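Each chain is listed here by its residues.
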Amino acid sequence: MAMKMPRALVRALLAFSITACVTGTGAGAIAALGAQQLLAPTPAEEEASKYIAQYLLQNHYRKVPANDSLSQQVFDRFLENLDPNRSYFTAPEVANLRKDMGRQLDDEFVTGKTTSGFRIYNLFLQRAREKMSFMIAALKGPALQFSNHETMMADRKDAPWPADRNELHDLWNKELKY
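> Even after reading the chapter, I still don't get the overall build of the protein chain, so can you show me in this structure?
Tallying secondary structure elements over the protein chain gives seven helices and two strands in all. For the protein chain, the N- to C-terminal ordering of α and β elements is α-β-β-α-α-α-α-α-α. A total of 178 residues make up the protein chain; the buried ones form 38% of that total. For the protein chain, restricting intrachain contacts to residue pairs at least 6 apart in sequence, the fraction spanning at least 24 positions comes to 78%. On the protein chain, roughly 10500 Å² of surface is accessible, and the fraction owed to carbon and sulfur atoms is 57%.

> Just checking my understanding: could you explain the packing of aromatic side chains for this structure?
The geometry of an aromatic ring pair is captured by two quantities: the separation of the ring centres and the angle between the planes. Taken as a whole and judged by the stated rule, the model has five aromatic pairs. The interplanar angle of 45 degrees and the centroid separation of 6.4 Å between the aromatic rings of phenylalanine 89 and phenylalanine 124 together place this pair among those described as tilted. Residue phenylalanine 89 is located in the loop between helix H3 (68-82) and helix H4 (91-101), and its partner phenylalanine 124 is located in helix H6 (residues 115-140); the two are separated by 35 residues in the primary sequence. Judged by its relative accessible area of 0%, phenylalanine 89 is buried. Geometrically, the ring pair formed by phenylalanine 134 and tryptophan 172 is edge-to-face, given 5.5 Å between the ring centres and 65 degrees between the ring planes. Within this pair, whereas phenylalanine 134 is found in helix H6, its partner tryptophan 172 is found in helix H7 (residues 165-177), the two being separated by 38 residues in sequence. Judged by relative accessible area, which is 23%, phenylalanine 134 ranks as partly exposed. Following the ring pairs from residue to residue traces out a cluster consisting of Tyr88, Phe89, Tyr121, Phe124 and Trp161. Taking NZ or CZ as reference, lysine 131 lies 4.4 Å from the ring centre of tyrosine 88, over its face.

> Would you mind showing me how to read the nonpolar core here?
Most often, soluble globular proteins keep nonpolar side chains buried together rather than apart. Judged by nonpolar contacts, the single largest core of 19 residues is most densely connected at Leu79, Phe89 and Ile120. In this structure leucine 79 touches Pro84, Phe89, Val94, Ile120 and Trp161, once residues within four positions along its chain are discounted.

> What is the right way to look at the pattern of salt bridges in this model?
Any two side chains of opposite charge can pair, given that their charged atoms come close. In total, this model carries 10 salt bridges according to the counting rule given. Among the ionic pairs, lysine 113 bridges to glutamate 46, the shortest N-O distance being 3.6 Å. Pair noted here: lysine 113 is in the loop between helix H5 (105-111) and H6 and glutamate 46 is in helix H2 (residues 43-59), with a separation of 67 residues, a long-range link. Taking relative accessible area as the criterion, glutamate 46 reaches 16% and is therefore assigned buried.

> Whenever I open this one, the packing of H3 against H4 confuses me. Can you help?
A pair of packed helices can be characterised by two numbers: the angle between their axes and the separation between those axes. Closest axis-to-axis distance for the H3/H4 pair is 11 Å, and the angle between their directions is 145 degrees. For H3 against H4, the interelement crossing comes out right-handed. When H3 is examined against H4, the residues Ser71, Gln72, Phe75, Asp76 and Leu79 are found in contact with a partner set consisting of Val94, Leu97, Arg98 and Met101. Class assignment for the residues of the contact of H3 with H4 results in five nonpolar, two polar and two charged.

Conventions and cut-offs
Residues numbered from 1 in each chain as written. Predicted model: local features only at pLDDT ≥ 70, side-chain atom pairs only at ≥ 80, totals over all residues. Heavy atoms only, no water. Helix = DSSP H or I, 4+ residues; strand = E, 2+ residues; numbered from the N terminus. Buried < 20%, exposed > 50% of the residue type's maximum accessible area, 1.4 Å probe, protein only. Contact = heavy atoms within 4.5 Å. Areas by Shrake-Rupley, 256 points an atom, 1.4 Å probe, with all protein chains shown as cover. Phe/Tyr/Trp six-rings, centres within 6.5 Å; stacked < 30°, edge-to-face > 60°. Lys NZ or Arg CZ within 6 Å of the ring centre and 35° of its normal. Core = buried A, V, L, I, M, F, W, Y, C linked by side-chain atoms within 4.5 Å. Salt bridge = Lys/Arg side-chain N within 4 Å of Asp/Glu carboxyl O. Axes fitted to C-alpha atoms, helices over the stretch in contact; angles between N-to-C directions. Left-handed = near helix turned anticlockwise from the far one by under 90°. Nonpolar A, V, L, I, M, F, W, Y, C, P; charged D, E, K, R; others polar.

Interpretation in functional terms is not warranted from these geometric data alone.
What follows is the structure, given as structure tokens:
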């Protein structure tokens, strides 16, 4: 049975992960890759993350172990905070991310590595760019059709992830219309 993490510790770990991914010019190095830019941690950020991890693991009042259960909870919260309406990632992508990185976040956290957090966040940024391009192209294209009877769930936090890119694009189209 999975141990329930105290919200304060999960929030602290999540805040650390998000901060590591989105810090500004003095902190996160940006590596150019073609026309896109990827965020990457600096050596100073990785060193700081080691100290933060050690401090939390040694001084948190609950003494929660850094294990795969913690890693899965941090992963789930990270995705929940990045994509609360489930409109950037598809179900297979989430499954692959969970398989590839969902159990290593704790190991990386303890050693000061932030590779998985940055990879997930960079995928999110890539998808946000794709979504913006999709919507701009849709607005420049033929007039949107409002005569079709369509529905869109406004709060998708409990909805399943889109099954594939076609379903994701359908969702983006509905978001643009409504």
